[in-house]
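One letter stands for each residue in the lines below.
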Amino acid sequence: GLRGLYKGIIPSMIVFCPTVSVFVGLSYWFKSMFMGFAVVASSAKLQLLATMVAGAMSNLLLSVYRVPTSMMVKLIQTGVCENVQAALKRIFMSEGCWRTLGTIWIVVLFKDIPNGALRMGIYHFYEECLSFLMNLGMSAVTQRTVSGIIAGMTL
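Here's what I pulled together on the structure shown here. These numbers come from a predicted model, not from an experiment. (Residues numbered from 1 in each chain as written. Predicted model: local features only at pLDDT ≥ 70, side-chain atom pairs only at ≥ 80, totals over all residues. Heavy atoms only, no water.)

1. A closer look at helix H2 (residues 9-35)
Between its first and last C-alpha, H2 extends 38 Å over 27 residues, near the 39 Å set by a 1.5 Å rise per residue. Residues of H2 that are buried: Pro11, Ser12, Val15, Thr19, Phe23, Leu26, Ser27, Phe30 and Lys31. Where H2 is buried, its residues contact helix H4 (44-77), helix H5 (84-93) and helix H6 (97-129). (Helix = DSSP H or I, 4+ residues; strand = E, 2+ residues; numbered from the N terminus. Expected span 1.5 Å × (residues − 1). Buried < 20%, exposed > 50% of the residue type's maximum accessible area, 1.4 Å probe, protein only. Contact = heavy atoms within 4.5 Å.)

See below:
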């Protein structure tokens, strides 16, 4: 019934919410490191590239957390495991678990690395396109929020 529809929603939120926040924070941190190089800061094309590399690197690092926690959510949602403890035990302590985890991690990286690059590249594009809003009196935070909303709707 209705309860089954929401099975695993709490573990899903535990996985999703922190990863989005950390993704943005890490991406900006990596981007700021790249922008420290004068050649990058002075070129719009290199700024875009730096932003995309930052997104890819962020998703690479986040995959260490995201892969096992996403597996946990799927095991709970499909009814294979009853709770978080049982799912984690199956992921980390069952026979052949490390080989399975490694295989899934590699497959996920083929999606997550390009996805992170694309996600940050699209955000950067909208941020640049909407920079005129700051000249109209909009705060940088609001302009970035609008850019993020539009970029999120694009992907």
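More follows now that the structure is in view.
2. Overview of the packing of aromatic side chains
In the structure shown here, the tally under the stated rule is four aromatic pairs. With a centroid separation of 6.3 Å and 75° between ring planes, the pair formed by Tyr28 and Tyr123 is classed as edge-to-face. Separated by 95 residues along the polypeptide, Tyr28 in helix H2 and Tyr123 in helix H6 bring together distant segments of the chain. Here the aromatic rings of Trp29 and Phe30 are separated by 5.1 Å at their centres, their planes lie at 55°, and the arrangement is tilted. Residue classification places Phe30 among the buried positions, given a relative accessible area of 9%. (Phe/Tyr/Trp six-rings, centres within 6.5 Å; stacked < 30°, edge-to-face > 60°.)

3. A look at the nonpolar core
Within the largest apolar cluster, eleven residues are counted, these being Val15, Val67, Met71, Met72, Val73, Leu75, Ile76, Cys81, Ala87, Ile91 and Leu101. Secondary structure elements with two or more residues in this core: H4 and H5. Looking at this core element by element, the count peaks at six residues for H4. Once you skip the residues sitting within four places of it in the chain, Leu101 turns out to touch Val67, Pro68, Met71, Ile91 and Phe92. (Core = buried A, V, L, I, M, F, W, Y, C linked by side-chain atoms within 4.5 Å.)

These figures capture arrangement, not role.
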